[in-house]
Amino acid sequence: MACLFLKVLLVGVSFLGCLYPLVEFCFSGETRGQKPNFVIILADDMGWGDLGANWAETKDTANLDQMAAQGMRFADFHAAASTCSPSRASLLTGRLGLRNGVTHNFAVTSVGGLPLNETTLAEVLQRAGYVTGMIGKWHLGHHSSYHPNFRGFDYFFGIPYSHDMGCTDTPGYNHPPCPACPRADRASRSPDRGCYSDVALPLYENLRIVEQPVNLSSLARTYAEKAAQFIQRASTSRRPFLLYVGLAHMHVPLTRPQLSADAGGRTPYAAGLREMDSLVGHIKDEVDHTAKENTLLWFTGDNGPWAEKCELAGSVGPFAGSWQARRGGSPAKQTTWEGGHRVPAVAYWPGRIPTNVTSTALLSVLDIFPTVVALAGASLPRGRHFDGLDASDVLFGGLQTGHRGPAVITPAGDSEAVTRARARKEQALFHPNSGAAGQYGALQTVRLERYKAFYVTGGAEACDGSVGPERYHEPPLIFNLEDDAAEAVPLEAGSAEYQRVLPAVRGALRDVLRDIAEDSVSSADYTQDPSVTPCCDPHRTACRCPAAVPTSRTTRK
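Student: Pulling in residues and values, what's your account of the environment of Leu-116?
Tutor: Its location among the elements puts Leu-116 in the loop between helix 5 (97–100) and helix 6 (121–127). Residues Leu-116 and Asn-100, spaced 16 residues apart in sequence, show a C-alpha to C-alpha distance of 9.8 Å. Sequence-distant contacts of Leu-116, defined by excluding residues within four places in its chain, comprise Ser-145, Tyr-146 and Arg-151.

Student: So what about the sheet that holds strand 16 (residues 471–480)? Which residues, and what values?
Tutor: Strands belonging to one sheet form pairs held by backbone hydrogen bonds; the direction of such a pair is parallel or antiparallel. Pairing in this open sheet of 4 strands is antiparallel, and the strands run 13-14-15-16 from one edge to the other. Each edge of the open sheet is held by one strand with a lone partner, namely strand 13 (428–432) and strand 16. Taking the axes of each pair of neighbouring strands and ignoring which way they run, one obtains an average angle of 20° across the sheet. Bridge count between strand 15 (residues 451–457) and strand 16: 6 bridges; the pairing is antiparallel. Bridge assignment links Ala-453 to a residue of strand 16, and that residue is Ile-478.

Student: Can you explain the nonpolar core? Please cite residues and give values.
Tutor: Counting 73 residues, the largest nonpolar core has Phe-38, Phe-74, Leu-121, Leu-296 and Phe-430 as its most contacted members. Among the elements that make up this core, the one with the highest residue count is helix 14 (residues 496–517) (8 residues). What Phe-38 contacts, discounting residues up to four positions off in sequence, is Leu-125, Tyr-130, Phe-241, Leu-242, Leu-243, Leu-296, Val-372, Leu-375 and Ala-376. By size, the runner-up hydrophobic cluster in this structure holds 48 residues, among which are Val-214, Leu-254, Val-280 and Trp-306.

Student: Explain the pattern of salt bridges to me, using residue names and the numbers behind them.
Tutor: Scanning the model with the defined rule gives 26 salt bridges in all. Glu-205 is paired through a salt bridge with Lys-226; the nearest N and O atoms lie 3.3 Å apart. With Glu-205 in strand 6 (residues 203–205) and Lys-226 in helix 7 (residues 219–236), this pair connects stretches of sequence that are 21 residues apart. Glu-205 sits in the buried class, given a relative accessible area of 19%. Assessed through its relative accessible area of 16%, Lys-226 is described here as buried. Residues Arg-540 and Asp-537 are paired through a salt bridge, measuring 3.2 Å at the closest nitrogen-oxygen approach. In this structure Arg-540 comes out as partly exposed when scored by relative accessible area, which is 33%. When its relative accessible area of 16% is taken as the criterion, Asp-537 is described as buried. When salt bridges that share partners are traced, they join Asp-76, Glu-338, Arg-342, Arg-404, Arg-447, Lys-452 and Glu-487 into one network.

Student: Requested: an account of the side chain of His-473, with residues and values cited.
Tutor: Structurally, His-473 can be placed in strand 16. A residue is classified by how much of its surface remains accessible, and His-473, at 13% relative accessible area, is buried. A distance of 3.5 Å separates the side chain of His-473 from the backbone oxygen of Arg-471, its partner in a polar contact. Those residues in contact with His-473 that sit more than four places away from it in its chain are Trp-323, Phe-454, Tyr-455, Val-456 and Thr-457.

Student: Could you give an account of the sheet that holds strand 10 (residues 345–348), with specific residues and numbers?
Tutor: Spatial ordering of the open sheet is given by 7-6-5-4-8-1-9-10-2-11, a layout of 10 strands whose pairing is mixed. Here the strands that pair on one side only, and so sit at the sheet edges, are strand 7 (208–211) and strand 11 (357–359). On average, adjacent strands in this sheet sit at an angle of 15° to one another, irrespective of strand direction. Of the pairings in the sheet, the one linking strand 5 (residues 155–159) to strand 6 comprises 2 bridges and is antiparallel in character.

About the criteria used
Residues numbered from 1 in each chain as written. Predicted model: local features only at pLDDT ≥ 70, side-chain atom pairs only at ≥ 80, totals over all residues. Heavy atoms only, no water. Helix = DSSP H or I, 4+ residues; strand = E, 2+ residues; numbered from the N terminus. Contact = heavy atoms within 4.5 Å. Pairing = 2+ DSSP bridges. Axes fitted to C-alpha atoms, helices over the stretch in contact; angles between N-to-C directions. Core = buried A, V, L, I, M, F, W, Y, C linked by side-chain atoms within 4.5 Å. Buried < 20%, exposed > 50% of the residue type's maximum accessible area, 1.4 Å probe, protein only. Salt bridge = Lys/Arg side-chain N within 4 Å of Asp/Glu carboxyl O. Polar contact = N/O pair within 3.5 Å; in protein donor to acceptor, adjacent residues only side chain to side chain.

The structure is reproduced here in structure tokens:
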């Protein structure tokens, strides 16, 4: 009853800015017990090679490198998709886009979002007695019931979509550069600059816009403060908590850092990387101070770097996608090449996760959902299938298998026969098309142990403006990633190795497509309506909040 009372009153208290006291009041009579806390941090457009622990050329992630030394680093960890909304939807549902309905990005004017019949990780944990918070980028629908406060999060502080999808007064670095928001005494921005609309980027606290446009320069510091406050308040509520942090870093525009004091003299990207690392360090410090022995902190990324942003994009490390690069376009974000899907990942839990371990287990963002649900002692939602697996044996038992092994999720009510039928499907990873080639969300790239098969290839827009042609392959291109991390030369189709791998690839793909056809799948509403654009004050230029209108003195350059 207390949880229902909280949900009903959420809208009202959000506008009054008093959600935290309500959460504490409702939960203060309970004892946390032994349920663990979870902090999930998702970086944006961060390359595998941007983590110093992965790639020695990177010198700007001291806090993350320390976290890897004190925990577990994953060398073969993958995004669930290689663009924003689908990757986030899979994180929060444990399901690929063909199941959860989210196959490409939502817009500023999107009416819908993550389908309402999909159950989020926050909703599962909320029902298990958790206090839930989300800080940062959402990008799964902002209108009406798609807002985070109605998708299982007791508290939300952040932006509804990517921070390049609205203008600001502190636009930072972009390629090409975008101008600041228009003012009443200035002309609107040119529509042919490749920039988003003149509507300012909003910052929400729960359901209320508290700033429009956002001050990007101070956003990292504000996120760090809000994360610390949530951890402190959730801990004093004596309930376990889930905190999901969707970072703005390393997506463009890159800001002029304030949080990291020693970023001077570096390139904009290196300075931004150091600021992001400092933000993660602040959150880790708060976890260590407040709930160190009972909190799993999991850091990873949503997809690879956005190569068309040139020097403002990150490093793919050794995963160069050379076969595609020779044919034009980028093999990073929006593609199914390793540069688009393989992301940095670190897990930290003192006393539970062994220290200074590098795991070669084949894992994915999809695995976070079932792993967290299992550790929380909760149950997977009934009536649907999942693409992730419980990685507890990797985190705590030292197994180096993941999707290379026979582990299978069996939701309650499934028969043993159904479980066996899924075994081969769940020993593989499937990389959905994310914009560079093929139909959005379609599964035409298969990772099976050390091998990777492409039924379609294509390059996203590269720094030089080139785009790789879309090509279909039947039989598929197959690469041995253990021998060829750069994906430079596919196996010869007539070779014994190719002929041995091909039937397993075909079988895995056939199994997953059959499983999806038999599953309860959702369909996202991608219709658009300008009237749903977040706007603090429609009577002011760029929808500025009244408090954000500066005096003539502060606007002078």
